[in-house]
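Observations on chain architecture
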Amino acid sequence: MEEGTCDASTGSEKKEDSPTPPRKSWLELKSVVCELRRQLSSLSSSVPGSIAFRTLDSNCSGVPTTRVYFLATPPGFWESTLLYVDITPEGCVPLNPNGRLQWHPLIEGSFHSVSIGNLISGSGCQSGGSGSTTARGGGAKEGGSDGRTGATRWSREEQLQWERRRVATWGIASYELHPQSGLVVFPSAGSLFQCRDLGLTDKPGPLFPTEFDQVIQGVCHEAMLNPEICPWDPDMVAFVSESDIWVTHLPTVSTVRMTHSYRGCGRSLADDPLSSGIPSYVTQEEFSRYQGFWWQPESYDGTYRILYEEVDESSVNICHFPTFSFADSGANDVEEFRFPRAGTPNAKWTLKMVEFHHGPRRIWELKHSLAELFPWAEYLVRAGWLPGGLGVWVQLLDRRQQRLEVVIIPLSCFTHLCPEVPALSPLAGQKVTSPNCDDNQFGAGGPGLAKAELAAGGILAPVPQVVHVQHSSTWVNVCDLLYFFEGSGEKLGHAPSHIGKVGRTQCFIIASEESGFRHLYLVKVILATESRAELNYGRFHHVRHIIPESNGSKGPLSPSSNPGDIEEDEESLKRPSQGPCEIWVPNGIGLDYRNTEEEADKEDSMNGSHVGEERGCHIWPLTMGEWEVVGGGSAGCGGGGGSDRGGGGGMRKPPLWVDEARGLVYFVGLRESALECHLYAVSIHHPGHVRLLSQLGHSHSAEFNKDCSLVAVVFSSIHRPPACQLFRVSHVGDTPSVEGFMLTSLGFLLEPSAPVSEELCPDLYAHRISSGDTLHAMVFKPHSFRPGKRYPTVLYVYGGPEVQLVSNVFKGMRSLRMHMLAALGYCVVVIDSRGSQHRGVQFESHLRCRMGTVELSDQVEVLQWLSSRLGFINPERIAIHGWSYGGYLSLLALVHHSDVFKVAVAGAPVTSWHLYDTGYTERYMDLPTLNPDGYKEGSVLSHAHMFPEEANRLLVIHGLMDENVHFVHTSELIGALVRAGKPYQLQIYPNERHSLRHLDASKHYEMTLLSFLENHL
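What comes next is a walk through the structure. (Residues numbered from 1 in each chain as written. Predicted model: local features only at pLDDT ≥ 70, side-chain atom pairs only at ≥ 80, totals over all residues. Heavy atoms only, no water.)

Turning our eyes to something else, we now look at the overall build of the protein chain. Scanning the protein chain from N- to C-terminus turns up 15 helices and 49 strands. Out of the 1017 residues in the protein chain, the part that is buried amounts to 63%. Accessible area for the protein chain stands at about 36600 Å²; split by element, carbon and sulfur atoms hold 50% of it. (Helix = DSSP H or I, 4+ residues; strand = E, 2+ residues; numbered from the N terminus. Buried < 20%, exposed > 50% of the residue type's maximum accessible area, 1.4 Å probe, protein only. Areas by Shrake-Rupley, 256 points an atom, 1.4 Å probe, with all protein chains shown as cover.)

Shown next, in the form of structure tokens:
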């Protein structure tokens, strides 16, 4: 694609306006919408998603087999279900000459998560596909329909999770697989289902899942969400219900409520602010963390441990919304939600741990909470266990989102026993041979922790340790790119000579944008141990925060401690008492990411900052340059479904795969083009040497198996629908190099199809604007396009952060409305202005503290350039339409650029940033007290008097139950317009949230949009 590319048919001759077709009646529009949905259903394809791998025991031939599981909708079905293909070392037998592998159903075809009668809602025509809109982004996100019908079997909790995760599929949307046992657990219709795949048996065939409701005999009365199988014992499954964590022991059908944060019993939301195991609204919506508990990956003593987050929302505002969904069921006509608006208090959180085996379960917390240790930390954005299960890690973010720290917390820090409601373990009364952990003096780690830590290289000091820090003058983009190596990373190389003297180190790969673009870094840190020998090397600087207190027998860990004072005898193997409230930080934390390790060493010696000291932290950049490593999700990368927030509701995995044995790192990035995601590899032993693995001209997403010997790649382009291909990764020799392997095709999970009709494919353009930045755009020509004619045009806008609309990815059913407009004779233009995703920190931060005041100038400049270069855009008949942030900009376009846009259609628009949530708004606009002018200037309400006086230029669309961009945004706007005496049209959908999920509402919205444009554009 060349900058300034324009259509070859344009010229200097005078253009004629396209003939205006006769206006259609409402009934005719209804038929048109149904017919267009039927015709455009060819754009829908069931792309395999949530791909997982499992190695099966050898069959009778002794040949190992890999089973590849995935979610897809088989031909002739309307629900997504769980399928698989089997791969032997020789490959598979393709289904057809195109190389399609044989799909096998894991789930019995008669299993449906909802009644098929709920699919059609009296509309007179089927959706012909998912019908969802374009990619939905972060914060004030783009909404629209996904073709759902609002089946009443789905609980309110599940509906809200659909919204947070951007789920856009019927049927099974996610699943948990235990690779060793074959146990599969998935949520559906408010319940959980399980089945066990026995692998290569004599009686292969689909399985019919067992519902948990039948297993646990009605113990839980509310929806069961977020199931997690215990990694080392598949008989144990944890889930969240009634705002607490429950565990089911499948063999004995024993289910126990492990936490009692939520009291229930008819209490109001105001009187019941606690929950366990489920993140707050802001954490889910704005930081894409949906899980609030984590199983210990392996147990050294047979005890079960679950790390979890307890959330206290007592300080968070309660919002009330009317509901009309179940008017005949006697349900409440008002919904209550906790929603922190910008500048108001957020939810508070506490990290706890529940452990059990037999007898009573115990709940432990840190002797000194993270709120004490890190008083600046507002958000717990990520958490998990270290490999081996001897400690946990957390990522903490401050309120202004400019400081992100990774902290390792040894298991020995959980020493405070919480007074909790008595409860037995699911194994109560069972005969066990594992160690008894009745002695509370050992805390959460039990008596075996010290010996397990000695075996790992040394007993960790019972203090949290900061191992990584990121700072930003704008904001830190939280992502999923974090990988901890097992053990001390002895095989990785890059070990400075002095590190060999220390028993405990931790290696991990993390992403940072401190260079201006998101890149990967290898970090190796020394962990503070009880032996304290390393403290004499000066590798740590002391605490940031101390609360003096009596310390028992051992003094505080300080640089002056004498290693000879402590002997690791039988006495020292007992749990050490946690000393003062301390945080330890290795020297070297906070190095300049733009420097290499050698440059950092030189800088240290020049400025004397570490004279006489050895750094306890070393960082090596693995990738570098003016391009970005993709941080999560799959939007814009291959067309494999799901938005750039949450991955479409499937199993969320970081897009980072590490072959530890060979030191190879696989990732997805945009080195070749900002419009194409590609698969790359880099060697830990040769940083900076990045190898391209995917084919140019397409965008890609990928999923590897655990040892990185197999990979599934989804790819598509503007002209070709998505395909999914399986590859084997074959290595040549033992050299750990990115050139020492090759990818061999094993066939397709979804074979490539022929290019679609040109009229369905937008053209891509690039234009350097007056600021010197290059912006990208795409244009859908009218299907009735004729050279020499000018056409009414719709600028489809999002314009906010965290979203990229223009990319070399197939524009299928997620672009349904764009295709509809083009089919009816409209030209559709989409532009990614400054502030959009995947272009680096400077490009994205263009809108910091001034949202709503800078985006439209970019949009208008590129639109006018396209109009002059292409020649077929009618500048007198241009509409603007968007949803959420796009609806917000649509309103402001009519305020500030009424001479450019004849009409505006604003869907679920933000109208005042004071009304939106803390996490999103404060990230981009700062706190209201620190940026009052920005909040005022960026508010549509401040400019209500500037809307046009002419009627029929503004249409506002909003769902009355919108729990994201609340309807109060629209009601405040309408009030301001009425006071200013300005005309408007309003379309309300009483049963809809931020996304229009009922099929009839989706089609009504499409008819309303088309009618408004036909009559007034």
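Here we come to the sheet that holds strand E28 (residues 505–512). Strand order in the open sheet made by the four strands is E27-E28-E29-E32, with antiparallel pairing throughout. Edge strands, defined here as strands with exactly one partner in the open sheet, are strand E27 (482–484) and strand E32 (617–621). Strand-to-strand, the axes of this sheet are offset by a mean angle of 20°, without reference to chain direction. As judged from the five bridges shared by strand E29 (residues 519–526) and E32, these two strands associate in the antiparallel manner. By the bridge assignment for E32, Tyr 521 is matched with Pro 621. (Pairing = 2+ DSSP bridges. Axes fitted to C-alpha atoms, helices over the stretch in contact; angles between N-to-C directions.)

To find leftover empty space, one rolls a probe the size of a water molecule over the atoms. In this structure the tally under the stated criterion is 16 cavities of 30 Å³ or more. Taken as a whole, the second largest cavity spans an internal volume of roughly 130 Å³. Around the second largest cavity sit 17 residues that line it, and Ser 280, Val 282, Thr 283, Asn 346 and Ala 347 are the ones nearest its centre. (1 Å grid on protein atoms, 1.4 Å probe; cavity = no way out; pocket = protein on both sides within 12 Å on 5 of 7 lines; lining within 4 Å. Points joined across faces, edges and corners; volume = space filled by probe spheres on them.)

This part is about the pairing of strand E33 (residues 656–659). With burial as the criterion, each face of E33 is covered, one bearing Leu 656 and Val 658 and the other bearing Trp 657 and Asp 659. Two elements, E33 and strand E34 (residues 664–673), share four bridges in a ladder whose sense is antiparallel. Along E34, the bridge assignment pairs Trp 657 with Tyr 666. What sits between the antiparallel neighbours E33 and E34 is a turn of four residues, in which Gly 663 has the positive phi angle 70°.

Next up on the list: the pattern of salt bridges. Inspection of every chain in the model, using the stated rule, returns 34 salt bridges. Across the salt bridge formed by Arg 164 and Glu 963, the nearest N and O atoms sit 2.7 Å from each other. A residue pair is termed long-range when its members are at least 10 positions apart, and Arg 164 in helix H2 (residues 156–165) and Glu 963 in the loop between strand E47 (954–959) and helix H14 (968–980) qualify at 799 residues. Residues Glu 309 and Arg 289 are paired through a salt bridge, measuring 3.0 Å at the closest nitrogen-oxygen approach. Of this pair, Glu 309 sits in strand E17 (residues 304–312) while Arg 289 is found in the loop between helix H4 (281–287) and strand E16 (293–295), placing the two residues 20 residues apart along the sequence. Side by side, Glu 309 and Arg 289 carry an identical accessibility label, which is buried. Within this structure, Arg 54, Arg 67, Asp 86 and Asp 197 form a network of salt bridges that share partners. (Salt bridge = Lys/Arg side-chain N within 4 Å of Asp/Glu carboxyl O.)

Turning next to the sheet that holds strand E11 (residues 225–229). Strand order in this open sheet of four strands is E11-E12-E13-E14, and the pairing throughout is antiparallel. The sheet is open, and its two borders are formed by E11 and strand E14 (254–257), each paired with just one other strand. The sheet shows a mean angle of 20° between the axes of neighbouring strands, direction not considered. Relative to strand E12 (residues 236–241), E11 runs antiparallel, the two being bridged by three bridges. Residue pairing across strands places Leu 225 opposite Val 240, the latter belonging to E12.

To continue, consider helix H1 (residues 26–40). Here H1 spans 21 Å end to end across 15 residues, near enough to the 21 Å set by a 1.5 Å rise per residue. For H1, the complete set of buried residues consists of Leu 29, Val 32, Val 33, Cys 34, Leu 36, Arg 37 and Leu 40. (Expected span 1.5 Å × (residues − 1).)

Attention shifts here to the environment of Leu 746. Tracing the backbone shows Leu 746 in strand E40 (residues 741–750). When its relative accessible area of 14% is taken as the criterion, Leu 746 is described as buried. Separated by 657 residues in the primary sequence, Leu 746 and Pro 89 have C-alpha atoms spaced 9.6 Å apart.

Time to look at the pairing of strand E3 (residues 65–72). Regular strands have side chains that alternate between both faces of the sheet. Buried residues dominate E3, accounting for eight of its eight residues. Side chains of E3 alternate between two faces, with Thr 65, Arg 67, Tyr 69 and Leu 71 and Thr 66, Val 68, Phe 70 and Ala 72 buried alike. Here strand E2 (residues 49–56) runs beside E3; their pairing, made up of six bridges, is antiparallel. Pairing of Leu 56 across the sheet is with Thr 65, part of E3. Sheet analysis places E3 next to strand E4 (residues 81–87), joined by seven bridges and oriented antiparallel. Residue pairing for E4: Phe 70 is matched across the bridge by Leu 83.

Attention now moves to unusual backbone geometry. In this structure, Ser 50 is a non-glycine residue whose phi angle is positive, near 50°. Topologically, Ser 50 is positioned in strand E2. The phi angle at Ala 908 is positive, at roughly 40°, despite the residue not being glycine.

All right, on to the packing of helix H8 (residues 816–823) against helix H15 (residues 999–1016) then. For the pair H8 and H15, the least separation of the axes is 12 Å and the interaxial angle reads 40°. Viewed along their axes, H8 and H15 adopt a mutual orientation that is oblique. Crossing geometry of H8 relative to H15 is assigned as right-handed. In contact with Leu 816, Arg 817, Met 820 and Leu 821 of H8, H15 contributes Ser 1002, Tyr 1005, Glu 1006, Leu 1010 and Leu 1013. Considered class by class, the residues forming the contact of H8 with H15 number six nonpolar, one polar and two charged. (Parallel < 35°, antiparallel > 145°, perpendicular 65-115°, else oblique. Left-handed = near helix turned anticlockwise from the far one by under 90°. Contact = heavy atoms within 4.5 Å. Nonpolar A, V, L, I, M, F, W, Y, C, P; charged D, E, K, R; others polar.)

The next point concerns helix H6 (residues 449–456). Of the positions making up H6, those classed as buried are Leu 449, Ala 450, Ala 452 and Glu 453. Buried residues of H6, seen end-on, are gathered within an arc of 160° and therefore sit on one face of the element. Structural note: H6 exposes Lys 451 and Ala 455 on the side pointing more than 90 degrees away from its buried face. Count one or two residues on from H6 and you reach Gly 457, which has phi positive near 125°. (Arc of directions from axis to C-beta.)

Let's shift gears to the packing of aromatic side chains. Between two aromatic rings, the relevant description is the distance of the centres plus the angle of the planes. Considering all chains together, one arrives at 34 aromatic pairs under this definition. Ring centres 5.3 Å apart and planes at 70° place the aromatic pair Trp 883 and Tyr 1005 in the edge-to-face group. Taken together, the residues Trp 883 in strand E45 (residues 873–883) and Tyr 1005 in helix H15 connect sequence positions 122 residues apart. With a relative accessible area of 2%, Trp 883 lands in the buried category. For Tyr 1005, a relative accessible area of 2% puts it in the buried group. Pairwise contacts between aromatic rings join Tyr 281, Phe 339, Trp 475, Tyr 798, Tyr 885, Tyr 888, Trp 913, Tyr 916, Tyr 920 and Tyr 924 into one cluster. (Phe/Tyr/Trp six-rings, centres within 6.5 Å; stacked < 30°, edge-to-face > 60°.)

A separate point is the packing of H1 against H8. Taken N-terminus to C-terminus, the directions of H1 and H8 make an angle of 115°; their axes are 11 Å apart at the nearest point. Considered as vectors, H1 and H8 are oriented roughly perpendicular to each other. Both H1 and H8 take part in a crossing whose hand is right-handed. The segment H1 lies against H8, with Val 33, Leu 36, Arg 37 and Leu 40 engaging Leu 816, Arg 817, His 819, Met 820 and Ala 823. In terms of residue class, the contact of H1 with H8 is built from six nonpolar, one polar and two charged.

On to the nonpolar core. Formed by 105 residues in total, the largest nonpolar core has its most connected members in Val 829, Leu 866, Tyr 885, Phe 901, Trp 913, Phe 947 and Leu 1013. Dropping the residues within four chain positions of it, Leu 866 is found in contact with Tyr 765, Ala 777, Val 779, Val 829, Gly 871 and Ile 873. (Core = buried A, V, L, I, M, F, W, Y, C linked by side-chain atoms within 4.5 Å.)

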